[in-house]
Amino acid sequence: MDLELKGKRAIVTGGSRGIGKQIAAQLAAEGASVAIVARGAEALQATAAELSGRGGGEVIGLTVDVGDRTSVDAMVAQAVARLGGVEILVNCAASVGGGGGRNIADLREEAILADLNVKLMGYMRMARAVAPHMIAARWGRVINIGGHAMRVTGNYSAALRNAAITAWSSNLAGELGPQGISVNTVHPNFTFTERRSDNLGARAIEANNSGRVPEATDIAYVVAMLASPRGWVINGESIMASGGLQGLINY
């Protein structure tokens, strides 16, 4: 199936490694031009060179601190200038796991606020910066990467940030939908990446209905479909991309 992404322009935050890297790779393979953005310039340039070497759409690397509005606005302006526009935003930048404590006695407010500043407010800053370009084009896609902690207990910060992203995404979908822009959230569970592989072990496999752990490329396929013009019917949704978690009933 042709996802009709050839010629589209995308920004992927957290794109130098992990799930973000594979999302960028899949969008580029479908013909989109992609700006991968993160804080580390060296890793960005290495990833951009690697992905560009595979053919498909252009991949460039731009540094940004999504925790700072000035940095976000400057990077988006640079991406638009380099790519000629932007129609797709994938928010994937976050600290792994989330901090802030796992019980009320050990609550660390500063860590939770710092975490929310990156994964919630950072997502919002990015969307605010790209929205005018999508509105002008009367078309756009925003895909926010959350996490399965939205639906399980045991990590205050991770649960807060992912639940908040889900609620915010639905609000944004209602606002931007009439402009031809869809907004959805994808929630991976444990996922094999270059940083997270052998340490998952049997526990992650046993917790999955499918008896296997997704690869980062599996998440990328879901995101590419949502980014496609063909995926317009899915808007304001929260999608678990885990293979199925044992013991959960969602209504």
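Details of the structure are given in the entry above.
Nothing here was measured: the structure is a model prediction, and the numbers come from that model.

**Thoughts on the packing of aromatic side chains**
So, point 1. Considering all chains together, one arrives at zero aromatic pairs under this definition.
So, point 2. Of note, lysine 8 hangs over the ring of tryptophan 139, and the distance from its end group to the ring centre comes to 4.0 Å.

**Structural notes on the side chain of lysine 21**
So, point 1. Relative to the helices and strands, lysine 21 resides in helix α1 (residues 18–29).
So, point 2. With sequence-adjacent residues up to four places away left out, lysine 21 is seen in contact with Gly14, Gly15, Ser16, Thr47, Glu50 and Leu51.

**Quick look at unusual backbone geometry**
So, point 1. In this structure, glutamate 4 is a non-glycine residue whose phi angle is positive, near 60 degrees.
So, point 2. Within the secondary structure layout, glutamate 4 lies in the segment before β1 (9–13).
So, point 3. The class of glutamate 4 is partly exposed, set by a relative accessible area of 37%.
So, point 4. For arginine 138, which is not a glycine, the phi torsion comes out positive at approximately 60 degrees.
So, point 5. Locating arginine 138 in the fold gives a position in the loop between α5 (121–137) and β5 (140–145).

**Regarding helix α4 (residues 109–119)**
So, point 1. Ile112, Asp115, Leu116 and Lys119 are the residues of α4 that are buried. Buried residues along α4 cover an arc of 95 degrees about the axis, so they all sit on one side. Exposed side chains of α4 directed beyond 90 degrees from the buried face belong to Glu110 and Leu113.

**Some remarks on the pattern of salt bridges**
So, point 1. For the structure on display, the rule yields six salt bridges.
So, point 2. Arginine 9 is the partner of glutamate 87 in a salt bridge, and the nearest nitrogen-oxygen pair spans 2.6 Å. Residue glutamate 87 is located in the loop between α3 (69–83) and β4 (88–91), and its partner arginine 9 is located in strand β1; the two are separated by 78 residues in the primary sequence. The same class applies to glutamate 87 as to arginine 9, namely buried.
So, point 3. Between aspartate 115 and arginine 161 there is a salt bridge, with its nearest N and O atoms 2.8 Å apart. Remark: arginine 161 occurs in helix α6 (residues 156–176) and aspartate 115 occurs in helix α4; sequence separation between them is 46 residues. The burial state of aspartate 115 is the same as that of arginine 161; both residues are buried.
So, point 4. Residues joined by salt bridges that share partners form a network here, namely Lys21, Glu50 and Arg54.

**Observations concerning the sheet that holds β1**
Within a sheet, each strand pairs with its neighbour through backbone hydrogen bonds, oriented either parallel or antiparallel.
So, point 1. The seven strands lie next to each other as β3-β2-β1-β4-β5-β6-β7, forming an open sheet whose pairing is parallel. In the strand order of this sheet, the two ends are held by β3 (59–63) and β7 (238–241), each with one partner. Each neighbouring strand pair of the sheet contributes to a mean axis angle of 20 degrees, computed without reference to strand direction.
So, point 2. Bridge count for β1 against strand β2 (residues 33–38) is five bridges, and the pairing is parallel. By the bridge assignment, isoleucine 11 is partnered in β2 with alanine 35.
So, point 3. Each of β1, β4, β5 and β6 (181–188) is contacted by α5, which is oriented at about 175 degrees to β4, the strand it contacts most.

**Observations concerning the nonpolar core**
So, point 1. Formed by 66 residues in total, the largest nonpolar core has its most connected members in Ile11 and Leu27.
So, point 2. For this core, the element with the most residues is helix α8 (residues 216–227), which contributes seven residues.

**Some points on the packing of α5 against α6**
So, point 1. Look at α5 against α6: their axes get within 13 Å of each other, and the N-to-C directions meet at 15 degrees. The pairing of α5 with α6 is recorded here as roughly parallel in orientation. Judged by the sense of rotation from one axis to the other, the crossing of α5 with α6 is right-handed. Seen from α5, the contacting residues are Tyr123, Met124, Ala127 and Ile135; seen from α6, they are Ile165, Trp168, Leu172 and Leu176.
So, point 2. Residue composition of the contact of α5 with α6, grouped by class: eight nonpolar, no polar and no charged.

**A look at the environment of leucine 5**
So, point 1. For leucine 5, the position within the fold is in the segment before β1.
So, point 2. Each C-alpha atom of the pair leucine 5 and serine 228 lies 6.0 Å from the other, and the pair is 223 residues apart in sequence.
So, point 3. For leucine 5, the contacting residues outside a window of four places in its chain are Leu27, Glu30, Gly31, Ala32, Ile88, Ala224, Ala227, Ser228 and Pro229.

Analysis parameters
Residues numbered from 1 in each chain as written. Predicted model: local features only at pLDDT ≥ 70, side-chain atom pairs only at ≥ 80, totals over all residues. Heavy atoms only, no water. Phe/Tyr/Trp six-rings, centres within 6.5 Å; stacked < 30°, edge-to-face > 60°. Lys NZ or Arg CZ within 6 Å of the ring centre and 35° of its normal. Helix = DSSP H or I, 4+ residues; strand = E, 2+ residues; numbered from the N terminus. Contact = heavy atoms within 4.5 Å. Buried < 20%, exposed > 50% of the residue type's maximum accessible area, 1.4 Å probe, protein only. Arc of directions from axis to C-beta. Salt bridge = Lys/Arg side-chain N within 4 Å of Asp/Glu carboxyl O. Pairing = 2+ DSSP bridges. Axes fitted to C-alpha atoms, helices over the stretch in contact; angles between N-to-C directions. Core = buried A, V, L, I, M, F, W, Y, C linked by side-chain atoms within 4.5 Å. Parallel < 35°, antiparallel > 145°, perpendicular 65-115°, else oblique. Left-handed = near helix turned anticlockwise from the far one by under 90°. Nonpolar A, V, L, I, M, F, W, Y, C, P; charged D, E, K, R; others polar.

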